[in-house]
Amino acid sequence: MIDQRMPIRTILATAVLLCALPSPAFAMHIAEGILPLPWALLWYAVAFPFVAWGLRDLRRRSREAPWFKPLVGLVGAALFLISCMPIPVPTAGTCSHPSGAGIAAILIGPWLTAVVASIALTLQALFLAHGGLTTLGANIVSMGVAGAWVGWGVFAAARRFGLPWFAAAFLAGLFSDWATYATTSLELAAALHGEGSFTTMFSLILLAFVPTQLPLGILEGFLCAGALKFIRSRRPELLRAVPEGGTS
Amino acid sequence: MRAVDVREVSFTYDDGTEALAGIHFRVEEGEFVAVLGSNGSGKTTLIQLLVGLLKTNAGRIEIGGREIGSLEAEELYQRVGLVFQNPNDQLFAATVEEDCAFGPRNLNLPEAEVQKRVTESLAAVAALPLRGRAIHHLSFGEQKRVSLAGVLAMRPAVLILDEPTAGLDPAGEAQMMQLLKKLNREEKMTVILATHSVDMLPLFANRIYVLDRGRVLQEGPSEEIFRHQEMIVRAKLRLPYVSRLMYEMKRHDGVPIDGLPLTIGEARAQLLELIPKEMILPGIEESGS
Amino acid sequence: MRAVDVREVSFTYDDGTEALAGIHFRVEEGEFVAVLGSNGSGKTTLIQLLVGLLKTNAGRIEIGGREIGSLEAEELYQRVGLVFQNPNDQLFAATVEEDCAFGPRNLNLPEAEVQKRVTESLAAVAALPLRGRAIHHLSFGEQKRVSLAGVLAMRPAVLILDEPTAGLDPAGEAQMMQLLKKLNREEKMTVILATHSVDMLPLFANRIYVLDRGRVLQEGPSEEIFRHQEMIVRAKLRLPYVSRLMYEMKRHDGVPIDGLPLTIGEARAQLLELIPKEMILPGIEESGS
Amino acid sequence: MFDLFSDIFTYRDNALTRIDPRVKLLIALAALVAVVSAERPILPFGFFVLCLGTVAALGVPAKLVALRLAAPFSTVAVLVVIHTFVTGTTPLFTLTLGGWTLTAKAEGFRQGLFLGNRVLGALSIVLLLGIATPAHRIFQALRGFRISKEWVEVAILMYRYIFVLLDRVGDLAAAQRLRLGYRAPRRGLASFSALAGATIVHSFEQARRTHDAMRLRGYRGTMPFGPFPALKRRERGILLLGLAGILAAYAILEWGVAG
Ligand SMILES: Nc1ncnc2c1ncn2[C@@H]1O[C@H](COP(=O)(O)OP(=O)(O)OP(=O)(O)O)[C@@H](O)[C@H]1O
Ligand SMILES: Nc1ncnc2c1ncn2[C@@H]1O[C@H](COP(=O)(O)OP(=O)(O)OP(=O)(O)O)[C@@H](O)[C@H]1O
Ligand SMILES: [Mg+2]
Ligand SMILES: [Mg+2]
């Protein structure tokens, strides 16, 4: 029922209106209950192989190194906390949180990031009312799959091209953040466009994210690079603990 | 002037734990005050209220005569400085120097002034030789001192410490207490410390607040506090060992002891009064200490 | 039989820190032995060697008569149990019950036996009512006791504790030490504890090893150890407060005191000998303790 | 944000916390499926009232519930706005915004409200589940449903150590704040990334110590779990009753089958 001739300025104006709301459009994850059942199931199906492969990886590596599971659990806890930390920059609004997918992918690799993300998202859904159980699959796909692979891929590629690790980490954080939100917008638009145009809905939701996510992505890039710098300057040997992360 | 004035303050955590229940707590400028209480008595909660990390549910807190909520962060943190119990949780730069410079840099001081402050604060805690060292190579005692230096570099008027001697060995403990005493006596810094170890307090603190389950059980100079053995036990604390000895001798053996000596020096003086002169062996090295 | 026999053991960390330098350390079955040393003296290193977390660079370690390397992991962990200094390191399950059941379940015991062990070990540390609680809701003192229970559930012959009383308030400290004493006297468990707090030791430990910079400075029963005031100071430790009082009176005031009383009881007895009967007030409530 | 993570209520003893977690999980899932596939507003709204009422009856402070619902509420608001201005044909009112005219439409408004209603219904179900079941019991239940052991083990460790790290990171962030680390945006970002880095460093160190402790109690790479008892008669009864109730409600409210 979306008016096909809707002028682009209506879309823009709606987006501007959304920014006036007290909190950023969809927080980080798709809230419980937004996706209709078929879409919820579809995204579960998409997420499943990534998490399953990550678990296989985990099983294999913890057979070789029994300390591996505690390590993933602890790093997972750290990433969970990081993704809950309110970003302290006033211009980005009050409720913005980093996604943490980029730094996670650099540290423990994209497969394990999917596992950790699935757990973190379950905990957030159950105890913090962030995201949800029906939308878990979709949220895993946007953060633990799209965010993680983009972050990891960008980091690896940037290193291959000879960029210094600081720049590579910045780009990884930036693009993984954007990828996460782009995927979220896509998931939302696909489910919500109703009988109207998918592209209009998609661009509208994407636009609604832009004012907060564009700067947030940049901040996340700095966060990713800064955190890595901290670890490198204080405990460089830790980065070698998980050789299949992107840093080796 | 009054450095800290806490009136009728209560605090309840979100999950319903009532950590403080109507507390009065007053510290004059230049005092050395100890908050004494068992685990979970509310010391850390009180401290976090004093530095604005928590907000009171009820009551009023004044720092240097101004309501805490009316102070800008910048102003507040140059009035009160907090040294955390675990130095590991406080040292977040890579090297000692960088960590000490963190606060002054955030005050936008010129670099020369930053360096001056770093030097001074490291000197104050006898840690100048550590200046270039990496934080995670420091020993526990060194970390404790460096974390104190980082706070001193902010030049707070009131220095608050959460369990400053926890985890330190006897030599480190004595060094830390001497250091605080020096800051208090020579630099005229107001010192507030939370602790549950009692033995050193009588030597250092002007005044003690005994906390128990969020309430002030008693307040006063140490002689006053430790006279109330039952109150002390009720607060899950104990007398300093020396006082305990004197208390038992007085109470159970009927030895006539005046008041209750709290320090080794006092106990010695009193005991010597009781022991007949002719029993004392001459020559072994008279007086000294 | 000898529970632990450490001969000429050295240990150097990867970064070149020599943490232990040719140590001898022997504990007989059923003993209560304390390793006393300042921060960084090598206590934790020694303990980690004893439980197999670190491997010696030189020397030989025998546990219950067998070389430590020749013991299967499963066997070793039923001979020695380690309680970490920080209970958070050790409490990794979600609830008290699950944490205590972790060890027994790893031994593949039948579930009934697992439950029995959980009950017994929680009872031994007076923590049965905590059984269903979440770990992160426990107070610090409770966490310490529960982490001890988790190790007891493995039924180790030798119980090793790293700073068991660190961070506890006086009541918690006394409770923990009483608990260890009971395990030692009644359950005939060999107890080894590392600490730098001296005041309680004379009451509990059969024997003390004083460690300093990776070397054993002295070894013996507490009366023996604390007689050497200079050695104690060299190790950055101090005498128990009561002994310090007596030491100063003996040394500086020339009061004729036999040996060196270490506990309040001993000091009281000696002082009463010195104070003339006629000075003692009758009636105040004689004896009692 | 951090204060939201208080799970003290899940450890209270009441009729709901006593039910086997598997039963609760299944019923909650069924209810969620019903809500997200509902075509009419009444079913989600019914669940919303029922679950929030139960939450209130369990004595959970309103402040905590409000905090948890705040973010989803704003999501609802956004949904309503988007749909109102984008979907539909019947004009409700117009809004002039910097020279641009926006027309609010009735169908869109209704559509938005419908979605919002569904969000609240689904959310309150999960809220109730999370308040009646401690995390480790949920993990146990998942294991009962043959979710991978590795997943459950990592989840348990993560859950436990979130609280440990939270204490330390909270102190670290406070220490930075007390030294004015967040005063200016640029320095704030530097402090913030140091905080994130420190959190990760702590987690690596803690992982080593935790694994040491686990090893000393016989850990060889797999956490042992206790046996899982079969559902009791009573619990099977509750499960059947719950599922039947949801099905009946769905049939009546959605398909209009008269009871
Ligand atoms: N974040 C929190 N949430 C809920 N309750 C808390 C929190 N922090 C502390 N408490 C509770 O508040 C009470 C006071 O705690 P506080 O940490 O102030 O005690 P303390 O005197 O510092 O103890 P310790 O000597 O162990 O450090 C305790 O009952 C504690 O369990
Ligand atoms: N992982 C490590 N790498 C390098 N050096 C270490 C390591 N752990 C300890 N050390 C060093 O080894 C020495 C002995 O340390 P250890 O931890 O055994 O002392 P401790 O007696 O337990 O001290 P504390 O009372 O502070 O716990 C110290 O100099 C310490 O700095
Ligand atoms: Mg405290
Ligand atoms: Mg140690």
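Throughout what follows, the structure given in this document is the object of discussion.

Calculation rules
Residues numbered from 1 in each chain as written. Chains lettered and ligands numbered in written order. Predicted model: local features only at pLDDT ≥ 70, side-chain atom pairs only at ≥ 80, totals over all residues. Heavy atoms only, no water. Pairing = 2+ DSSP bridges. Helix = DSSP H or I, 4+ residues; strand = E, 2+ residues; numbered from the N terminus. Near = heavy atom within 4 Å. Polar contact = N/O pair within 3.5 Å; in protein donor to acceptor, adjacent residues only side chain to side chain. Areas by Shrake-Rupley, 256 points an atom, 1.4 Å probe, with all protein chains shown as cover. Axes fitted to C-alpha atoms, helices over the stretch in contact; angles between N-to-C directions. Parallel < 35°, antiparallel > 145°, perpendicular 65-115°, else oblique. Contact = heavy atoms within 4.5 Å. Nonpolar A, V, L, I, M, F, W, Y, C, P; charged D, E, K, R; others polar.

## With respect to the sheet that holds strand S1 (residues 2-12) of chain C
Alright, step 1. What the 4 strands build is an open sheet, ordered S2-S1-S4-S5 (chain C); its pairing is antiparallel. The two strands at the open ends of the sheet, each matched to only one other strand, are strand S2 (18-28) and strand S5 (66-67) of chain C.

## Some points on the site of ligand 2
All names here are of chain C.
Alright, step 1. Lining the immediate surroundings of ligand 2 are 14 residues, of which Asn39, Gly40, Lys43, Thr44 and Thr45 lie closest.
Alright, step 2. Within the side chain of Lys43, a nitrogen or oxygen atom sits 2.7 Å from an oxygen atom of ligand 2.
Alright, step 3. Expressed as a share of its isolated accessible area of 630 Å², the protein-covered part of ligand 2 is 67%.
Alright, step 4. Counting residues per element, the shell around ligand 2 draws most heavily on helix H1 (residues 43-50), at 3 residues.

## A word on the packing of helix H2 (residues 37-64) of chain A against helix H3 (residues 68-84) of chain A
All names here are of chain A.
Alright, step 1. Close contact between H2 and H3 brings their axes to 8 Å; oriented N to C, the two are set at 130°. Classified by the angle their axes make, H2 and H3 are oblique. Between H2 and H3, the contacting residues are Leu58, Arg61 and Ser62 on the first element and Phe68, Lys69 and Val72 on the second.
Alright, step 2. Taken together, the residues that form the contact of H2 with H3 break down as 3 nonpolar, 1 polar and 2 charged.

## Some words on unusual backbone geometry
Alright, step 1. The phi dihedral of Glu8(B) is positive, around 55°, even though this residue is not glycine.
Alright, step 2. If you trace the backbone, Glu8(B) turns up in strand S1 (residues 2-12).
Alright, step 3. One non-glycine residue, Leu180(D), adopts positive backbone phi at about 65°.
Alright, step 4. On the secondary structure map, Leu180(D) appears in the loop between helix H7 (149-178) and helix H8 (185-216).

## Topic: the site of ligand 1
All names here are of chain B.
Alright, step 1. Surveying the vicinity of ligand 1 reveals 14 residues, the closest of which are Asn39, Gly40, Lys43, Thr44 and Thr45.
Alright, step 2. Gly40 has a polar backbone atom sitting 2.7 Å from an oxygen atom of ligand 1.
Alright, step 3. Taking Thr45, its side chain carries an N or O atom lying 2.5 Å from an oxygen atom of ligand 1.
Alright, step 4. The protein chains hide 65% of the 630 Å² of surface that ligand 1 would expose on its own.

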